Amino acid sequence: MFRMEMPSDAPVSNSVRAPALDAIDARIVQLLTADGRMTNAELAARLGVAPSTAHTRLRALIDRGVITGFHASVDERKLGAGLQAIIGVTLRPSGRRESIVEFADRVRVLPPVIQVFFLGGDDDFLLHIAVADSSEMREFVLEHLSAQSSVASTRTSIVFDYHRNSVAASFH
């Protein structure tokens, strides 16, 4: 793998440098992204390495922050929340910093909210929510979004179907 060394007097970037992954580490990430419940023995067999090697490599990926957790995929329909939507939210321009933090803190704890995205662009936030039906969707938008004085507008798009390749970690 080619790695460019920066001169000591080069400006320091604030961006997060991606950790270098060799072929085994990259394959571990790929396998566990597809099946996070895979046992260490299964992982070792798929990699063609000893179980102790697989365990050590996995532990190192966790310690380095490459793998940040293991998650359950939930069928919201089985929980009575079969209607999903992506809601674009634009905040009012006044008091932006405070309203951004307040809005995010307020909506991320609401039970229908699956994901919250803070964006640059036309919308300030995208919310992925799951509710039982259209009346619950309407109630969510009116009670939890439009009722907030910091919210200028919302735009709701119903989700018909989706495919998730992986679960991304939070930027915090």
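Everything numeric here is computed off the predicted structure, so don't read it as measured data.

Scoring rules and cut-offs
Residues numbered from 1 in each chain as written. Predicted model: local features only at pLDDT ≥ 70, side-chain atom pairs only at ≥ 80, totals over all residues. Heavy atoms only, no water. Axes fitted to C-alpha atoms, helices over the stretch in contact; angles between N-to-C directions. Helix = DSSP H or I, 4+ residues; strand = E, 2+ residues; numbered from the N terminus. Parallel < 35°, antiparallel > 145°, perpendicular 65-115°, else oblique. Contact = heavy atoms within 4.5 Å. Nonpolar A, V, L, I, M, F, W, Y, C, P; charged D, E, K, R; others polar. Buried < 20%, exposed > 50% of the residue type's maximum accessible area, 1.4 Å probe, protein only. Pairing = 2+ DSSP bridges. Expected span 1.5 Å × (residues − 1).

(A) Layout of the packing of helix α1 (residues 23–34) against helix α3 (residues 51–63). Two elements in contact, α1 and α3, have axes whose closest approach is 10 Å; the angle formed by their N-to-C orientations is 80 degrees. Here α3 runs roughly perpendicular to α1, going by the angle between their axes. Across from Ile24, Asp25, Ile28, Val29 and Leu32 in α1, the residues of α3 making contact are Arg57, Leu58 and Leu61. Here the residues of the contact of α1 with α3 are counted per class, giving six nonpolar, no polar and two charged.

(B) View of the pairing of strand β1 (residues 83–91). The element β1 is extensively covered by neighbouring structure, given that seven of its nine residues are classed as buried. In the sheet, β1 pairs with strand β3 (residues 125–131) via seven bridges, with the strands oriented antiparallel. Each bridged residue has a counterpart across the sheet, and for alanine 85 the counterpart in β3 is isoleucine 129. Pairing between β1 and strand β4 (residues 151–159): eight bridges, direction antiparallel. Residue leucine 91 lies in a different strand from β4, and its bridge partner there is valine 151.

(C) Structural context of helix α4 (residues 96–107). The terminal C-alpha atoms of α4 lie 16 Å apart, and with 12 residues this matches the ideal 16 Å at 1.5 Å per residue to within 8%. Tucked into the core, α4 has its buried residues touching β1, β2 (113–118), β3, α5 (134–146) and β4.

Function cannot be read off these values alone, since they describe shape.
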